[in-house]
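Letter by letter, the chains look like this.
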Amino acid sequence: MDSAKSLRPGKAEVAVSTPPAGGGNGTAADTADPFRLDGSMLDADMLRSLFSSTRFGTVGFEEELLLVHRGSGLPADVAAVVAGVGDQRVKSELPACQFEIATSVHADVAAAVDELRSYRQLVAAACGPDLAPIAAPVHPLVEGPVELSRTDRAAHLGSRYREVVARQVVSSLQIHLAFGDADCTLGVYHALRDVLPELAALAGNAPFAGGRDTGLCSVRPVIASQLPRQGVPPIISSWEQYADDLAWAIRGGAVAEASEWWWELRPHLRYGTLELRVLDVQPTTNQTGAIAQFVHALAAAFADRYYVGDLQSPAPTWRIAENRWAALRDGVRGELLDLRTGERRSTRRCLDDLITAAEPYAPAGLDDVRALLESPPVEHLRALGPERAIGWLAEVFST
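Residues numbered from 1 in each chain as written. Predicted model: local features only at pLDDT ≥ 70, side-chain atom pairs only at ≥ 80, totals over all residues. Heavy atoms only, no water.

Caption draft 1: Examining the overall build of the protein chain more closely. A tally of regular secondary structure across the protein chain gives 17 helices and eleven strands. Relative to its 399 residues, the protein chain shows a buried fraction of 58%. Put simply, 78% of the contacts in the protein chain that link residues at least 6 apart link residues at least 24 apart. A total accessible area of about 15500 Å² is found for the protein chain, and carbon and sulfur atoms account for 51% of it. (Helix = DSSP H or I, 4+ residues; strand = E, 2+ residues; numbered from the N terminus. Buried < 20%, exposed > 50% of the residue type's maximum accessible area, 1.4 Å probe, protein only. Contact = heavy atoms within 4.5 Å. Areas by Shrake-Rupley, 256 points an atom, 1.4 Å probe, with all protein chains shown as cover.)

Now the structure itself:
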């Protein structure tokens, strides 16, 4: 393990995992924002430079959250609360009832979780007695169109995707991971892509929609899949291919900008990171921390395997998608198929193997994530039912 670590790039630059508080960070992302470039301006050299300009191991979060009325539990408009917080790390999202917290870039997961918790507490304090923020991947009582934010972006996406956009009351935990090496980034991209089902099963906690139990451990991907470019991402054979694919979509108008590349894992063109988007948002920051420590350690393990040539070639998309369906249906209590042999294995065993492989890279150990395997949060929510779940989510929001 030590010999592999010595092959990692030792960058001196500040990582670009999430938007820094002051704006720029001195990387290629400052001079031109690839998310909004004309497709003809995207090229492989630009992408290699961007994804090599980060510092290995840095991490940041984006967390989507909902605001509800305390009495009814129904969605509430976040605009006044966001304005009251008055911090650029807290901003309104596409649905009028949704907001996002984006952390700074951090050298370790614990510091990022501490910042996330402080911002959750800040939002909760700004809500007053009649409103409550909750971390729910899907609103337990609402299914169907909701009011969109009064922003140009919401109006633009509404015109492109019609009513489907207004149905996207879905919230994820997005983890940005930096590697300081463009080719290593692609290697880890494919390794993480293979285990998206395991990660989704671990984080799944969205059993309710429209006031009923759907029977799924997470209905969020089902709702999200109404939009294009969702779910298991495609194989990226090279940075040339990635640049060509994005340029094709932008030139032809299939997407207005690269940010509409909405897969559950993607190379992030603004920050030079891998953005993991498969995870349901977690009820508490303690649970967020447990999952994030695991993801961070697993990515480091995959990076070392990349440098010694020990990563497998990418699996076919449809096989991962088959496992993805089993994961959202059954969570950690289900079974997954080996992507190469088809052998059926319990999801818990698959996750336990991944945790064991990642643990040497987690300084504080991974006992907290093992505890989630033993007592999945979705089971507590399911026992509460959709209406009582909202009250509980509000109660634990700042913990």
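Still more ground to cover, so stick around.
Caption draft 2: Broad picture of the environment of V232. Following the sequence through the fold, V232 ends up in the loop between α10 (220–224) and α11 (239–252). For the pair V232 and E322, spaced 90 residues apart in sequence, the C-alpha separation works out to 9.9 Å. Ignoring sequence-local partners within four residues, the contact set of V232 consists of R193, W263, E264, T317, I320, A321 and R324.

Caption draft 3: Molecular detail of the pairing of strand β8 (residues 265–268). Sheet topology places β8 next to strand β9 (residues 273–280); four bridges connect them, and they run antiparallel. Across the sheet, the residue bridging to R266 is E275, located in β9. Where β8 folds back onto β9 in an antiparallel hairpin, the turn is made up of four residues, including G272, whose phi is positive at roughly 70 degrees. (Pairing = 2+ DSSP bridges.)

Caption draft 4: The arrangement of the nonpolar core in detail. Counting residues in each nonpolar core, the largest one holds 89 residues, and the members touching the most others are F61, L279 and F294. Apart from residues no more than four positions distant in its own chain, L279 is found in contact with S172, L173, I175, L199, A203, R220, I291 and V295. Membership of the second largest hydrophobic core comes to 18 residues, among which are V68, C97, L384 and V396. (Core = buried A, V, L, I, M, F, W, Y, C linked by side-chain atoms within 4.5 Å.)

Caption draft 5: Just the pattern of salt bridges, in detail. Across all of its chains, the model carries 23 salt bridges by this definition. The closest approach of N and O atoms between D310 and R305, which form a salt bridge, is 3.5 Å. The partner of R329 in a salt bridge is D330, with the nearest N and O atoms 2.8 Å apart. When salt bridges that share partners are traced, they join D45, R48 and E240 into one network. (Salt bridge = Lys/Arg side-chain N within 4 Å of Asp/Glu carboxyl O.)

Caption draft 6: The pairing of strand β3 (residues 98–102), seen in detail. Counting buried residues in β3 gives five out of five residues, a clear majority hidden from the surface. Burial of the side chains of β3 extends over both faces: Q98, E100 and A102 are buried on one face and F99 and I101 on the other. Two elements, strand β1 (residues 59–69) and β3, share five bridges in a ladder whose sense is antiparallel. Residue E64 lies in a different strand from β3, and its bridge partner there is E100.

Caption draft 7: Looking closely at the packing of aromatic side chains. Following the criterion strictly, the structure yields four aromatic pairs and no others. With a centroid separation of 4.6 Å and 25 degrees between ring planes, the pair formed by F51 and W239 is classed as stacked. Residue F51 is found in helix α3 (residues 44–51), and its partner W239 is found in helix α11; the two are separated by 188 residues along the sequence. Per residue, the accessibility class of F51 equals that of W239, and both read buried. Aromatic side chains F56 and F179 sit 6.0 Å apart centroid to centroid with 75 degrees between the ring planes, which places their arrangement in the edge-to-face category. Here F56 is found in the loop between α3 and β1, whereas its partner F179 is found in the loop between β5 (172–177) and α8 (182–194), with 123 residues between them in sequence. A relative accessible area of 18% means that F56 is categorised as buried. Each residue in the set F51, W239 and Y242 is aromatic and connected to the rest through ring pairs, giving one cluster. Directly above the aromatic system of F397 lies the positively charged group of R120, at a separation of 4.8 Å from the ring centroid. (Phe/Tyr/Trp six-rings, centres within 6.5 Å; stacked < 30°, edge-to-face > 60°. Lys NZ or Arg CZ within 6 Å of the ring centre and 35° of its normal.)

Caption draft 8: Main features of helix α14 (residues 347–358). Helix length check: α14, at twelve residues, gives a terminal C-alpha distance of 16 Å against a target of 16 Å (1.5 Å per residue), a fit within 8%. Buried within α14 we find T347, C350, L351, L354, I355 and A358. Along the axis of α14, the buried positions cluster into a sector of 135 degrees, meaning they face one direction only. Those residues of α14 that are buried are in contact with α9 (196–203), α12 (285–307), β10 (335–337), β11 (344–346) and α15 (367–374). (Expected span 1.5 Å × (residues − 1). Arc of directions from axis to C-beta.)

Caption draft 9: The environment of L131, seen in detail. Positionally, L131 belongs in strand β4 (residues 131–134). Taking relative accessible area as the criterion, L131 reaches 18% and is therefore assigned buried. Between the C-alpha atoms of L131 and A394, which are 263 residues apart in sequence, the distance is 9.4 Å. In this structure, L131 is in contact with L67, V68, H69, R70, A76 and V81, ignoring residues within four places of it in sequence.

Caption draft 10: Summary view of the side chain of R220. Counting through the fold element by element, R220 comes out in helix α10. What makes R220 buried here is its relative accessible area of 6%. At 2.8 Å, the side chain of R220 forms a polar contact with the backbone oxygen of V278. In this view, R220 contacts P137, V138, V170, S171, S172, A206, R277, V278, L279 and D280; residues no more than four positions away in its chain are not counted. (Polar contact = N/O pair within 3.5 Å; in protein donor to acceptor, adjacent residues only side chain to side chain.)

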